[in-house]
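Take a look at the letters that make up each chain.
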Amino acid sequence: MTLTQHDIDQEIAAEHAAYEKRVADGAPVEHHPRRDYAPYRSSVLRHPRQPLVAIDVSKDPELVELSSPAFGERDITEIDNDLTRQHSGVPVGERITVSGRLLDRDGRPVRGQLVEIWQANSAGRYAHQREQHDAPLDRNFTGVGRTLTDDRGFYHFTTIQPGPYPWRNHLNAWRPAHIHFSVFGSAFTQRLVTQMYFPNDPLFAHDPILQSVTDDAARQRLVATYDHSLSVPEFSLGYHWDIVLDGPHATWIEEGR
Amino acid sequence: MTKIDTSSPENVLPTPSHTVGPFYGHALPFKGGEDVAPLGHPETVTVHGYVYDGEGRPLPDALLEVWGPDPDGNLPAVDGSMRRDPASGGYLGRNGVEFTGFGRIQTDADGHWYVRTLRPGARGRNAPYLSVCVFARGLLVHLFTRIYLPGDAALADDPLLAQLDEERRGTLIAVREDSGAYRFDIRLQGEGETVFLEFQ
Ligand SMILES: [Fe+3]
């Protein structure tokens, strides 16, 4: 039997209701998806069933995971954060500017760390061979960028508004337009890979990947804000998106800095 | 709202995780990502294995990151894992002599991966280990685990290993092969499920 959008919508609603009930019964707010989220079918065989083993980082400053790999100017080139200038021609689509701050849970900027992005082109097609979507490739757009955060924790990208694209989770499944982000903190425990969305996308309610974040406020934090002050005259529209890293870090190392 | 007001701590809430998806191939893997050890270093170890799903099928689209100290237990603070070529914009690879401690490896079509890095040294009360972060399509939040190497007396006193029963402990200790390489498989679910970690 073909799995329809209606089936998935019902599963999403049931997961959401179950979460609301847990919170109403006193369970903590869940900022992240559960790894076991059946409406996203690929998660079914790819999540552990055993509980994770907890490690209290405050008991051991020597943990390898409390430090982070370092990245620097050697690891990026000057135009790596401008996805519209990486080929001889100009990519097709609406140019956008995406900027924001990388912060830790205390609201402090994470400086000099690596931010990597990847995305579909304006037609909703990735420059990836396994990509099956029959939309045009753009020879002037690979859809990959990287940068280092500055002294105030800011990152900055110039790119093309990505298109939504179909995938095969169920019949007529479409991903809302998004940009994938990969970021590092000051500790490996803060590692984050996520996706940024654009305001008011009508596909939000139907997308099991976005809806895997069952907390309404947490899900909102994945949506960028249109920011006219970031729009560049005669060039691009601006979006602001701050990223807050979860996971403990080594506060005793930071003290006195 | 996605402009975070840092003046009030209750507004500083974490950005949710999402799956890495299937299409990160142009973005995340880099040339030499699996060759972390400086060329010809005498303390080089090779660790390899497969990543399996709950039905024992290997994942052709998993991405592993490996992070570890040098043989003296010191954590590197140098960049240069993914040096770029300013002329072509492509990857230059590592510089061949510096140890950055960071590796990133995509599983191949068979679900196989390897890393060649330096034998990690011990830190504090812990037996030596490599930290591993696992990403994959279908995995909504990455998973942390550790690779311990067999034959080290410190394994007996390691605070993490000590709290696991024997079967589960075994999932974190690589197996030495006749070739001298170490085998470390990652099972995301089911029988022999790898121990995954949560840092608090
Ligand atoms: Fe995508």
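We now turn to the structure provided with this report. (Residues numbered from 1 in each chain as written. Chains lettered and ligands numbered in written order. Predicted model: local features only at pLDDT ≥ 70, side-chain atom pairs only at ≥ 80, totals over all residues. Heavy atoms only, no water.)

A word on the overall build of chain B
- Counting secondary structure elements, chain B contains 2 helices and 10 strands.
- What you see in chain B, going N to C, is helices and strands ordered as β-β-β-β-β-β-α-α-β-β-β-β.
- For chain B, the C-alpha radius of gyration of 18 Å lies close to 16 Å, the compact-globule estimate for 200 residues.
- Taking the principal axes of its C-alpha atoms as reference, chain B extends roughly 50 × 45 × 35 Å.
- Evaluated residue by residue, chain B yields a buried proportion of 56% over its 200 residues.
- Intrachain contacts of chain B at a sequence separation of at least 6 include 68% that bridge at least 24 residues.
- Entry remark: accessible area of chain B is about 7900 Å², with carbon and sulfur atoms responsible for 48%.
- With 18 positive and 28 negative side-chain charges, chain B shows a spacing of 4 Å between the two charge centroids. (Helix = DSSP H or I, 4+ residues; strand = E, 2+ residues; numbered from the N terminus. Rg over C-alpha atoms; globule rule 2.2 N^0.38 Å. Buried < 20%, exposed > 50% of the residue type's maximum accessible area, 1.4 Å probe, protein only. Contact = heavy atoms within 4.5 Å. Areas by Shrake-Rupley, 256 points an atom, 1.4 Å probe, with all protein chains shown as cover. Lys, Arg positive; Asp, Glu negative; His and termini not counted. Charge placed at Lys NZ, Arg CZ, Asp CG, Glu CD.)

Considerations on the sheet that holds strand E8 (residues 178-183) of chain A
Residue and element names in this part refer to chain A.
- Strand order in the open sheet formed by 4 strands is E4-E3-E8-E9, and the pairing between neighbours is antiparallel. Where the open sheet ends on each side, the last strands, each with one partner, are strand E4 (144-148) and strand E9 (192-197). With strand direction ignored, the average angle separating the axes of adjacent strands in the sheet is 20°.
- Pairing between strand E3 (residues 114-119) and E4: 5 bridges, direction antiparallel. From the neighbouring strand, Trp 118 faces E4, where its bridge partner is Val 144. (Pairing = 2+ DSSP bridges. Axes fitted to C-alpha atoms, helices over the stretch in contact; angles between N-to-C directions.)

As for the packing of aromatic side chains
- Evaluation of the coordinates by the stated rule reveals 20 aromatic pairs over all chains.
- Above the plane of the ring of Tyr 129 of chain B lies Arg 146 of chain B, whose end atom (NZ or CZ) is 3.8 Å from the centre. (Phe/Tyr/Trp six-rings, centres within 6.5 Å; stacked < 30°, edge-to-face > 60°. Lys NZ or Arg CZ within 6 Å of the ring centre and 35° of its normal.)

Some details on the environment of Ile 117 of chain A
- Along the chain, Ile 117 of chain A falls in strand E3.
- On the basis of relative accessibility, which here comes to 1%, the residue Ile 117 of chain A falls in the buried class.
- Here the alpha-carbon distance between Ile 117 of chain A and Arg 146 of chain A, two residues 29 residues apart in the chain, equals 6.1 Å.
- Leaving out residues up to four positions away in the same chain, Ile 117 of chain A has contacts with Leu 83, Gly 143, Val 144, Gly 145, Phe 157, Ile 179, His 180 and Phe 181 of chain A together with Ala 27 of chain B.

Side note on the interface of chain A and chain B
- Listed as interface residues are 90 residues of chain A and, on the opposing side, 79 residues of chain B.
- In total, about 7600 Å² of surface goes out of reach between chain A and chain B, with carbon and sulfur atoms giving 58% of it.
- Remark: the boundary between chain A and chain B carries 9 salt bridges.
- Between Asp 227 of chain A and Lys 3 of chain B there is a salt bridge whose closest N-O contact spans 2.9 Å.
- Per element, the largest residue contribution to the side of chain A that touches chain B is 5 residues, and it comes from E9 of chain A. (Buried area = accessible area lost by both parts, 1.4 Å probe. Salt bridge = Lys/Arg side-chain N within 4 Å of Asp/Glu carboxyl O.)

Description of the pairing of strand E1 (residues 44-52) of chain B
Residues and elements named next belong to chain B.
- Most of E1 is tucked away: 7 of the 9 residues are buried.
- Pairing of E1 with strand E4 (residues 112-118) involves 7 bridges; the strand directions are antiparallel. In the strand pairing of E4, Thr 46 is matched with Arg 116.
- In terms of strand pairing, E1 meets strand E8 (residues 182-183) through 2 bridges, oriented parallel. Looking across to E8, one finds that His 48 is bridged to Arg 183.
- Looking at chain direction, E1 and strand E9 (residues 186-187) are connected through 2 bridges and run parallel. Residue Val 51 lies in a different strand from E9, and its bridge partner there is Ile 186.

What to know about the coordination of the iron ion
All names here are of chain A.
- Bound to the iron ion on the protein side are Tyr 126 (OH), Tyr 165 (OH), His 178 (NE2) and His 180 (NE2), at distances that span 2.0 to 2.2 Å.
- Written as a sequence motif, the donor arrangement for the iron ion is Y-x38-Y-x12-H-x1-H. Of this pair, Tyr 126 sits in the loop between E3 and E4 while Tyr 165 sits in strand E6 (residues 165-167), placing them 39 residues apart in sequence. Pair check on accessibility: Tyr 126 and Tyr 165 agree, each one buried. (Donors = N, O, S within 2.8 Å, 3.2 Å for Na, K, Ca; no water.)

Focus: unusual backbone geometry
Residues and elements named next belong to chain A.
- You will see that Asn 200, though not glycine, has its phi angle at about 60°, which is positive.
- You can see Asn 200 is positioned in the loop between E9 and helix H2 (208-211).
- On the basis of relative accessibility, which here comes to 74%, the residue Asn 200 falls in the exposed class.
- One non-glycine residue with positive phi stands out, namely Glu 234, at about 60°.
- For Glu 234, the location among the structural elements is in the loop between strand E10 (225-226) and strand E11 (237-240).

A closer look at a negative patch on the surface
All names here are of chain B.
- Together, Asp 165, Glu 166, Glu 167 and Glu 191 make up a region of like negative charge exposed at the surface.
- Relative to the helices and strands, Glu 166 resides in helix H2 (residues 166-170).
- A relative accessible area of 66% places Glu 166 in the exposed class. (Patch = residues over 30% accessible without salt bridge, like charges linked within 9 Å, V, L, I, M, F, W, Y side chains within 5 Å.)

Everything listed here is a matter of coordinates, which is why it stays silent on function.
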